[in-house]
Amino acid sequence: MQKEEIFKTLISHCCEILPELENHTFVTTDQLRELGANSIDRAEIVTMMLESLSLKIPRVELSGAQNLGELVDILHDKKLQCKG
Amino acid sequence: MTLVGIEALNCFGGTVFLDVRELAMHRKLDMVRFENLLMKEKSVALPYEDPVTFGVNAAKPILDALTAAERDRIELLITCTESGIDFGKSLSTYMHHYLGLNRNCRLFELKQACYSGTAGLQMAVGFIMSQVSPGAKALVVATDISRFMIVEGGETPDWSYAEPSAGAGAVALLVGENPTVFQIDPGANGYYGYEVMDTCRPVPDEDAGNSDLSLMSYLDCCENAYLEYQKRVQGVDYKDSFGYLSFHTPFGGMVKGAHRSMMRKMNKAKPADIDEDFTRRVEPGLVYCQRVGNIMGGTIFLSLASTIDNADLSSPKRVGCFSYGSGCCSEFYSGVITAESKAKLKKFAIERQLNERYQLSMSEYEALLRGSSAVKFGTRNVDLDFQFIPGAVAASKGKGRLFLKKIAEFHREYEWI
């Protein structure tokens, strides 16, 4: 799965949890907190991403991401590792 | 097989409390985010209260209701805390003295952040079930305070949202073979732990941590502890096997998020069903937690007490309990509560105790944060002034409460008021 695809999935989950972002133009430097996601929302979005990518890894492994781009990078790497 | 579980349970939710909405406004927190915490009040420790007074004040009513013969069968006293006052001497020694327990009793303390209470309960259950001393009882006291909250700084900006939910309180459990309050399902335990640096107390009297990491770790554990339970208990279903669910409650919103995640994963439940289920099975357990705050080791039992007091127990119900302690260790376990559980808990009037706490003003609270430095970890000598916030002691008169009077060469001396 390409990073662009993962980013699109991430955007759709962000909009599911925070419908007010429907018209927002997402960029990789966006931070979930600044987009209005509280800690529970952020955990929810991470959980949805793991489910969508069929990744069976602990959520704590994704907690280091500082913005959407970093989250996509980590998810992409994990996906590669799982395949490998 | 020997029955085992909780014979008596009492919570001590402090002498004074603060309205946390007022605190949030005072700290200029984002009120929408504050509402998501689902917290209402929090108990605060006075300078002349410590984990010993909290624990004794929780346990004393239980001891008072026993006969001398029953009291003498308490052969194990475990204190469970992350608020220790000495690296060597455990809180249990002071409690043993002020509760007047038999000297033929094991005294020790254990620590694993907010999991400590569950760890204590499970050790007590093991002791009773081993039948090495038939008829013996164990007293487990989970007691914690958060003396000096870090309001600014910390690793993430969210740390300031921890202040409204950091409480102080203790829960005492009498564990034995006549478990009329909570009958343990023996062997029905899913435990799950690993090393993670989420929240901790790396120096005395201060909390530190990364709230996002802690939240993720809590959710990972909630799922994996339950999956292990499911492996060990045939035919269990997250939605149908438990009449109620009690959670370790750092704040109400956390529990709401965890429940939602579990219901979606385990039962593929839809949002409307999740909301209905939360109101019915989870909310009864949040009532006291929302009024006392996170009392760490004892929070899971504060939630269990809240469940028993607020549940419909016209028929026996199984409660699924999820305990999590940062660092981390977690466990999902279960037991049965009945109408008798409710009747037994009623004697201790936990809700009335909470209603009768003294309400702090913001300026009293701020003075208290400053005044608490008088009893920081390692204090060698100090005399405590009961007139500091005089209304607090006045509200406790006649209730047989223990307070810290002085520290003389590190030795703590307490007084009944």
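Structure: above.
The model shown is predicted, which means the values in this text are computed figures rather than measured ones. (Residues numbered from 1 in each chain as written. Chains lettered and ligands numbered in written order. Predicted model: local features only at pLDDT ≥ 70, side-chain atom pairs only at ≥ 80, totals over all residues. Heavy atoms only, no water.)

(A) Summary view of the side chain of B:Ser146. Residue and element names in this part refer to chain B. As for its placement among the helices and strands, Ser 146 is situated in the loop between strand S6 (137-144) and strand S7 (169-176). Separated by 2.8 Å, the side chain of Ser 146 and the backbone oxygen of Gly 167 make a polar contact. The residues touching Ser 146, leaving out its near neighbours within four places in the chain, are Ala 166, Gly 167, Arg 201, Asp 207 and Met 296. (Helix = DSSP H or I, 4+ residues; strand = E, 2+ residues; numbered from the N terminus. Polar contact = N/O pair within 3.5 Å; in protein donor to acceptor, adjacent residues only side chain to side chain. Contact = heavy atoms within 4.5 Å.)

(B) Region of the structure containing the state of the cysteines. What the rule picks out here adds up to 0 disulfides over all chains. The thiol of B:Cys200 is unpaired, and the distance to the nearest cysteine sulfur, on B:Cys114, comes to 12 Å. (Disulfide = S-S within 2.5 Å.)

(C) Here's a closer look at helix H11 (residues 299-310) of chain B. All names here are of chain B. End to end, H11 covers 16 Å across 12 residues, agreeing with the expected 16 Å (1.5 Å per residue, within 8%). Within H11, 10 of the 12 residues are buried, leaving the element largely enclosed by the surrounding structure. Turning to H11, its buried residues number three or more, namely Thr 299, Ile 300, Phe 301, Leu 302, Ser 303, Leu 304, Ala 305, Ser 306, Thr 307 and Ile 308. (Expected span 1.5 Å × (residues − 1). Buried < 20%, exposed > 50% of the residue type's maximum accessible area, 1.4 Å probe, protein only.)

(D) Here's a closer look at unusual backbone geometry. Residue and element names in this part refer to chain B. For the bond from Gly 327 to Cys 328, the omega torsion is 0°, close enough to zero to count as cis. Note on placement: Cys 328 falls in the loop between strand S12 (317-325) and strand S13 (329-337). Residue Ala 113 is not a glycine yet carries a positive backbone phi of 45°. Mapped onto the fold, Ala 113 is located in the loop between strand S5 (106-110) and helix H6 (116-130).

(E) Quick look at the interface of chain B and chain A. At the interface, 22 residues of chain B touch 15 residues of chain A. Of the roughly 1700 Å² buried between chain B and chain A, counting both surfaces, carbon and sulfur atoms make up 54%. On the chain B side of the interface with chain A, the three residues burying the most area are B:Met216, B:Asp220 and B:Arg264, jointly 32% of the side's total. Applying the counting criterion to the chain B and chain A interface returns 5 salt bridges. Residues A:Arg59 and B:Asp220 are paired through a salt bridge, measuring 3.1 Å at the closest nitrogen-oxygen approach. Counting across the interface, chain B meets chain A through 8 residue pairs in polar contact (both at pLDDT 80 or more). Listed by contribution, the elements that provide at least two residues to the side of chain B that touches chain A are helix H2 (31-37), helix H7 (211-232) and helix H8 (252-267) of chain B. (Buried area = accessible area lost by both parts, 1.4 Å probe. Salt bridge = Lys/Arg side-chain N within 4 Å of Asp/Glu carboxyl O.)

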